[in-house]
Amino acid sequence: MDRILRTSFLPRALSILALLILALLMAPLAHGQVAPAESVVQPQTVVDILHQFSDKADIIFAGQVLAIRRTNNGVVEVEFRVDQAIRGCTAGTPYILREWAGLWAGDSQRYRVGQRLLMLLHAPSAAGMSSPVGGLDGAIPIRQSSVALAPEDDLATPPQPPYVDLRWLGARLPRAVSYQSEPAPGAKPVESQPLFFGQLAPDATASGSIVNFSASQPVLNNASVSDASVPAQQASVNAVMDMLNSWQSSQEKAQHVAP
Amino acid sequence: MLLPDLRLWLRLSGRLRIVLPVVFCCFAAAAPLWAGGPRWVGGRPYFTTEAPVRWYPGHPLYFTDPGDLSSSVNHAAADALVAAAANVWNVPTASLVLSRGGALDEHVSGANTFLGPSGVIFPADVQSTNYLAKQIAVIYDSDGSITDLLLGNGASDPTSCLQNAVTESVDSISPSAIIQHAILVLNGRCTGPAPAQQTQLQYQLMRAFGRIIGLGWSQTNDNVFTGSPQATFNQAMHWPVMHPIDIICGPYTY
């Protein structure tokens, strides 16, 4: 149980009792897990999740959607320009993702032409169909900084680099929960923001990774109060691609060493 | 199933319950449902009406695969799981009633499903053209072959169950904004000897049923997740079933 329960408003003894009950309750769940479940390590950071996705993906690249074609054979083709290739494709050569049309039910737009994405994909099935690892969480948006230039900034100001928006991956993390007492109308919250796990703290270095996320470019540095709940779960494209490359290299070395 | 035990736990004394809802809110079957608006609203040029897309009549029947879901979940247990997930949506304030209409004609697997010249070919009674007889086909993908076929190799792996335990598709909507047919694929590799695995699958299936009956995502009480403003206990207890973020209120076992 790595979940943290904040029970500061309860008597300490009651909190301990509650945690004991939780532990007892969760024990049989853990005890009865089958082998694959036992091997799953709960991620603690966004980097952990990205690493898990990377391990599951057979095709990884950063690119831009060039075209979307609905075919007559139950497949939707999404053509990408591959800018940076990590695995299973080649930079500069278009990659065509073929998705089951059932995923596009109701004319839903899973991708848009012009969208830039970091794609982590399953290998195509025998029928040639594939999809991102972890659903659309494996199609990670690459965004341009929206930090507005001040009027006095001249054109010589370098543009903000694009960044990888990892917030949907962050939504998969276990997190602390805290409650406030039911407020009287108009009352202020009794406590500030709860702790969020998975934030890319300036010096956060994930286990197994060699890239220090201090290289990431914080974008929400002037977030308003309404944005305060959004953790800075983003990093520069280069930082993420370097990390994916390092994992790829490690994997190749491990495969080379393995008998 | 754990559900009766959980209901018992939920009757714990008031103060103790305050620290438990995060773990238990995923078993909210006994609590009021909080879903969003319609998933789709009709509009031209395809639709002839601008009404929300819905089922007609309000009593779509689902038909379950005659096979087992896995070696741990036989056919009867799988049917019970599906019924529990579907019954959540049978509420007195809605005219829609989800109920079982019977069984599919044959166990659906990679042996009888493939990509043909006009799309994925399922057994005849599973196909959307059969919507007058069978509106919702619930497939027990015991070996994960259907999930892999549709989503790619390795998609059915147990480590991907958070996303791929249930695959849903509404594959026929008429121009009059009526949902005619849907498919649910239950990944048998996401089940096992641990009851928690089935409970989690049931939770995901409950959400998938919500999607195929035409419900959109809900962001009610979003601050329970974002923490801004800090949530109250009451808000946490009313986390929407159809929130786009799949929070089972405790770590998944996979």
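What you see is a predicted model; the values in this text were computed from it and never measured.

## Considering the overall build of chain B
Line of reasoning, step 1. Scanning chain B from N- to C-terminus turns up 9 helices and 8 strands.
Line of reasoning, step 2. Look at the contacts in chain B between residues 6 or more apart in sequence, and 70% of them connect residues 24 or more apart.

## Brief notes about the overall build of chain A
Line of reasoning, step 1. Within chain A one finds 5 helices and 7 strands.
Line of reasoning, step 2. Along its sequence from the N terminus, chain A presents helices and strands in the succession α-α-α-β-β-β-β-β-β-α-β-α.
Line of reasoning, step 3. Counting all 259 residues of chain A, 32% fall into the buried class.
Line of reasoning, step 4. Contacts spanning at least 24 positions in sequence make up 60% of the contacts within chain A whose residues lie at least 6 apart.

## With respect to the domain arrangement of chain A
Residue and element names in this part refer to chain A.
Line of reasoning, step 1. Here chain A is partitioned into domain 1 (41-56 + 159-180 + 193-259) and domain 2 (58-132).
Line of reasoning, step 2. The partner domain 2 presents 8 residues to the 10 residues of domain 1 that form the contact.
Line of reasoning, step 3. Listing elements by their share of the side of domain 1 that touches domain 2, those giving two or more residues are helix H3 (46-56) and helix H5 (237-257).
Line of reasoning, step 4. Of the residues forming the side of domain 1 that touches domain 2, the biggest block, 6 residues, is contributed by H5.
Line of reasoning, step 5. Of the residues in the side of domain 1 that touches domain 2, the class split is 7 nonpolar, 3 polar and no charged.

## Points about unusual backbone geometry
Of all residues except glycine, most have a negative phi; of all peptide bonds, most are trans.
All names here are of chain B.
Line of reasoning, step 1. For the bond from Arg-44 to Pro-45, the omega torsion is 15 degrees, close enough to zero to count as cis.
Line of reasoning, step 2. In this structure, Pro-45 sits in the loop between helix H3 (21-24) and strand E1 (54-55).
Line of reasoning, step 3. A cis geometry characterises the amide bond from Ser-228 onward to Pro-229, with omega recorded as -5 degrees.
Line of reasoning, step 4. Structurally, the position occupied by Pro-229 is in the loop between helix H8 (223-226) and helix H9 (233-236).
Line of reasoning, step 5. For Ala-177, which is not glycine, the phi torsion reads 65 degrees and is therefore positive.
Line of reasoning, step 6. Along the polypeptide, Ala-177 turns up in the loop between strand E7 (166-173) and strand E8 (178-187).
Line of reasoning, step 7. Here Ala-177 falls in the buried class, since 22 other C-beta atoms lie within 10 Å of it.
Line of reasoning, step 8. Look at Asn-221: it is not a glycine, yet its phi comes out positive at around 55 degrees.
Line of reasoning, step 9. Relative to the helices and strands, Asn-221 resides in the loop between helix H7 (195-212) and H8.
Line of reasoning, step 10. Exposure remark for Asn-221: the 19 C-beta atoms within 10 Å place this residue in the partly exposed category.

## Observations concerning the sheet that holds strand E6 (residues 163-165) of chain A
Residues and elements named next belong to chain A.
Line of reasoning, step 1. The antiparallel open sheet is built from 7 strands, whose spatial order is E3-E2-E1-E4-E5-E6-E7. Of all the strands in the sheet, the pair left with one neighbour each is strand E3 (95-100) and strand E7 (234-236). Across the sheet, the mean angle from the axis of one strand to that of its neighbour is 40 degrees, orientation sign disregarded.
Line of reasoning, step 2. Where strand E5 (residues 139-143) meets E6, 2 bridges bridge the pair, whose relative direction is antiparallel. What sits directly across from Arg-143, in E6, is Tyr-163.

## Describing H7(B)
Line of reasoning, step 1. Under the 1.5 Å per step criterion, the end-to-end length of H7(B) is 26 Å for 18 residues, consistent within 8% with the ideal 26 Å.
Line of reasoning, step 2. With respect to burial, H7(B) is a largely interior element, 17 of its 18 residues being buried.

## With respect to the pairing of E8(B)
Residues and elements named next belong to chain B.
Line of reasoning, step 1. Burial analysis of E8 places 8 of its 10 residues in the buried class, which makes it a mostly covered element.
Line of reasoning, step 2. Two elements, E1 and E8, share 2 bridges in a ladder whose sense is parallel. Within the sheet, the bridge partner assigned to Trp-55 lies in E8 and is Ile-179.
Line of reasoning, step 3. Relative to E8, strand E6 (residues 136-141) runs parallel, the two being bridged by 6 bridges. Each residue of the ladder has a partner; that of Ile-139, found in E8, is Val-185.
Line of reasoning, step 4. Bridge count for E7 against E8 is 7 bridges, and the pairing is antiparallel. When the bridges of E8 are listed, Val-166 appears paired with Leu-186.

## As for the environment of Tyr163(A)
Line of reasoning, step 1. Structurally, Tyr163(A) is set in strand E6.
Line of reasoning, step 2. With 77 residues separating them along the chain, Tyr163(A) and Val240(A) place their C-alpha atoms 8.9 Å apart.

## Focus: the environment of Asn130(B)
All names here are of chain B.
Line of reasoning, step 1. Along the polypeptide, Asn-130 turns up in the loop between strand E5 (119-121) and E6.
Line of reasoning, step 2. Asn-130 sits 66 residues away from Ala-196 along the chain, and the two C-alpha atoms are 35 Å apart.
Line of reasoning, step 3. Apart from residues lying up to four places away in sequence, Asn-130 is in contact with Ala-124 and Asp-125.

## A closer look at the nonpolar core
Line of reasoning, step 1. Within the largest apolar cluster, 59 residues are counted, with the highest numbers of intra-cluster contacts made by Val138(B), Ile139(B), Leu184(B), Leu186(B), Leu205(B) and Phe209(B).
Line of reasoning, step 2. Secondary-structure elements contributing two or more residues to this core are strand E2 (61-64), helix H4 (75-87), E6, helix H5 (145-151), E7, E8 and H7 of chain B.
Line of reasoning, step 3. Apart from residues no more than four positions distant in its own chain, Leu184(B) is found in contact with Ile136(B), Val138(B), Ile139(B), Val166(B), Glu168(B), Ala208(B) and Ile212(B).
Line of reasoning, step 4. If you look at the next biggest cluster of nonpolar residues, it comprises 38 residues, including Leu50(A), Phe53(A), Ile86(A) and Leu118(A).

## Regarding the pairing of E2(B)
Residue and element names in this part refer to chain B.
Line of reasoning, step 1. Two strands pair when backbone bridges link them, and E2 and strand E3 (residues 99-103) are joined in this way by 4 bridges, in the parallel orientation. Across the sheet, Tyr-62 pairs through a bridge with Arg-100, a residue of E3.
Line of reasoning, step 2. Note on the crossover from E2 through H4 to E3: the handedness is right-handed.

Reading guide: rules and limits
Residues numbered from 1 in each chain as written. Chains lettered and ligands numbered in written order. Predicted model: local features only at pLDDT ≥ 70, side-chain atom pairs only at ≥ 80, totals over all residues. Helix = DSSP H or I, 4+ residues; strand = E, 2+ residues; numbered from the N terminus. Contact = placed C-beta atoms within 7 Å. Buried ≥ 20, exposed ≤ 12 C-beta atoms within 10 Å, placed from the backbone. Domains from an automatic or database assignment. Nonpolar A, V, L, I, M, F, W, Y, C, P; charged D, E, K, R; others polar. Pairing = 2+ DSSP bridges. Axes fitted to C-alpha atoms, helices over the stretch in contact; angles between N-to-C directions. Expected span 1.5 Å × (residues − 1). Core = buried A, V, L, I, M, F, W, Y, C linked by C-beta atoms within 7 Å. Right-handed = clockwise from strand over helix to strand, strands pointing away.

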